[in-house]
Amino acid sequence: MGRLNLTRRGFCAGGVAAFSVRPTWAATPDDLTARKARVQLAPDGYPMTEVWSYDGTLPGRTIRVGQGERVTRRLVNDLDVPTSIHWHGIRIDNAMDGVAGLTQDAVPPGHTFDYDFVAPDAGTYWYHAHTNSMEQVARGLSGPLIVEEADAPEVDADEVLMLDDWLIDPDSGQFFDDFDQPMALSHAGRMGNLIGTNGQYQLEMPAQSGARLRLRLINAANARIFVLRLQGLSGWSVALDGMPLAAPEPVMDEIILAPAQRIDLIVDVTAPEGETAALLRLDDDDQWRGQVAFPVQGARSGPRRDRPAALPPNPNTALPDLTAARSLDMVMEGGAMGRLATARYKGRDMGFRDLVGQGQFWSLAGQVGMSDEPFAELERGEVVRLRIENRTVFAHAMHLHGMHFRKVAADGALGPLRDTILSIPEEPLEIAVSADNPGKWLFHCHMLGHARSGMTTWIDVT
Ligand SMILES: [Cu+2]
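Residues numbered from 1 in each chain as written. Predicted model: local features only at pLDDT ≥ 70, side-chain atom pairs only at ≥ 80, totals over all residues. Heavy atoms only, no water.

Asker: What am I meant to see in the packing of aromatic side chains here?
Answerer: Centre distance and the angle of the planes are the two values used to describe a pair of aromatic rings. Throughout the structure, instances matching the rule amount to 6 aromatic pairs. Seen in terms of ring centroids, Y54 and Y127 are 5.3 Å apart; in terms of plane orientation they differ by 50°. Their pairing is tilted. Of this pair, Y54 sits in strand 3 (residues 49–54) while Y127 sits in strand 8 (residues 123–129), and the two are 73 residues apart along the sequence. By way of ring pairs, the aromatic residues Y54, W87, F113, Y115, F117 and Y127 are connected into one cluster. Here R139 stacks its cationic end above the ring of W52, 4.5 Å away from the centre of that ring. (Phe/Tyr/Trp six-rings, centres within 6.5 Å; stacked < 30°, edge-to-face > 60°. Helix = DSSP H or I, 4+ residues; strand = E, 2+ residues; numbered from the N terminus. Lys NZ or Arg CZ within 6 Å of the ring centre and 35° of its normal.)

Below is the structure:
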């Protein structure tokens, strides 16, 4: 059984929120119980699937709070394995970040952990397991976390669309359980054979012609990069990874959504009554297929609305001053068809063949997986530029915990805030981070099999 073994004694921040034995009283409304459940993931006629869920549903229930409000959830672990929850994209207090082995100990079966944090930023976020996440997220441990603006744009419906895929044996309906299969780890990652939205194989959302919808897309898949297109819908992208764009951008082309990324769209239904609008995805066979169908029923009266205003900006999102920024370099190596010769793993220099023998395939800046020392020690408030050189033949969705960052273009222009960015082979990538959140923060590939087999490191902001 492959376990994401980030844990080394000494990593765990001392004294943070120790476990309590599971209380004997009844569940409170704030419980979030990780447990097995049976759901109909595969199309009707196929067997039900045993999943690992939050509170019995897949995905977990949408948590909605107002901007600046507290989120309090008691994780109750009713699974047979340790677990923890990461609140993806929330600029959170480090002790609440949910990374087993770095910010807390994994919560053993039968135990609980109290998460309690403020959601400073409005936008579309999500929560998911961060203990052996390659397996636990694939089995269903994720859900949406929506932080609402005090002054939200006027829309007829506000919908969360959690895109995912699952690797299921069609005969039994159960997950294939070879989560650390070397072929998947060393190539593009674990791809599902069943693709869906909000836990449904074919999600349908009836809509009126002329209606304005806010669609909050979340890619919860382990490794799949979704390539998407609108049909019978026309509109704008208004936020990436939760953070508002300075101005809405018309959706003209394909939308690329890497694992863990989010995009908020505001779209008008342009398809007439009786037709079906859709979010389409490009499949591996180069065919466009329906990801979400919007059967158009009825028509909204009234004139077409104007272009929406930008979402209100989140706090502390000013452009960083790069003039005195320190530059850091990170070379990514490894994987099938890669050029990784040697790298450090568990304190030893090892050749690629030996690393493969350990189930490890990737390195970041010469290091495979977690090290005792961080990749970088940053002073709180410092701005750094991180140059990422992808010497592999695969794309990687790099996610920084605790802080958003901006892409630095070749001409020095800064892109929108993101928490996860897709690195393309041989394409130079540079990001700028304002290290304004103290703590130990993971930086890892969100192709979760890659994270498990080498592409996980951390920075320390003090
Ligand atoms: Cu990767």
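Moving on from the coordinates now.
Asker: Could you clarify how one ought to interpret the coordination of the copper ion in this entry?
Answerer: Tetrahedral metal sites with four donors have an ideal angle of 109.5 degrees; octahedral sites with six donors have ideal angles of 90 or 180 degrees. Surrounding the copper ion are the protein donor atoms H396 (ND1), C445 (SG) and H450 (ND1), which sit 2.0 to 2.1 Å from the metal. Mapped onto the sequence, the residues coordinating the copper ion show the spacing H-x48-C-x4-H. Placement of H396 in strand 29 (residues 396–400) and of H450 in helix 4 (residues 448–452) is noted, with a sequence separation of 54 residues between them. Both residues of the pair, H396 and H450, count as buried. (Donors = N, O, S within 2.8 Å, 3.2 Å for Na, K, Ca; no water. Buried < 20%, exposed > 50% of the residue type's maximum accessible area, 1.4 Å probe, protein only.)

Asker: Explanation requested: the pairing of strand 31 (residues 414–418) in the structure shown.
Answerer: The sheet contact formed by strand 30 (residues 405–408) and strand 31 spans 3 bridges and is antiparallel. Paired with F405 across the strands is R418, a residue of strand 31. Here strand 30 hands over to strand 31 after 5 residues, with G412 in that stretch at a positive phi of 90°. (Pairing = 2+ DSSP bridges.)

Asker: Hey, could you run me through the pairing of strand 11 (residues 194–197) in this one?
Answerer: Moving residue by residue along a regular strand, the side chains alternate between the two faces of the sheet. Here strand 11 shows two buried faces, one formed by L194 and G196 and the other by I195 and T197. Two strands pair when backbone bridges link them, and strand 10 (residues 157–166) and strand 11 are joined in this way by 4 bridges, in the antiparallel orientation. Directly across from D165, in strand 11, lies its bridge partner I195.

Asker: Whenever I open this one, the pattern of salt bridges confuses me. Can you help?
Answerer: Here the idea is simple: oppositely charged side chains can pair when their charged atoms come close. Taken as a whole, this structure holds 35 salt bridges when the rule is applied. The salt bridge partner of R214 is E149, with a shortest N-O separation of 3.0 Å. In this pair, R214 sits in strand 14 (residues 212–219) while E149 sits in the loop between strand 9 (142–148) and strand 10, placing the two residues 65 residues apart along the sequence. The closest approach of N and O atoms between R289 and D285, which form a salt bridge, is 2.7 Å. Residue classification places D285 among the partly exposed positions, given a relative accessible area of 42%. Salt bridges linked by common partners bring R64, E148, E149, D158, R214, R216 and D264 together as one network. (Salt bridge = Lys/Arg side-chain N within 4 Å of Asp/Glu carboxyl O.)

Asker: Just to check I follow, could you spell out the environment of S142 for this structure?
Answerer: Looking at where S142 falls in the secondary structure, it is placed in strand 9. In the structure, S142 is positioned 96 residues away from Y46 in sequence and 23 Å away in space, judged by C-alpha atoms. Excluding anything up to four places from it in sequence, S142 contacts Y54, P59, G60, W126, Y127, H128, M162 and A220. (Contact = heavy atoms within 4.5 Å.)

None of the figures reported here should be taken as evidence of function without further support.
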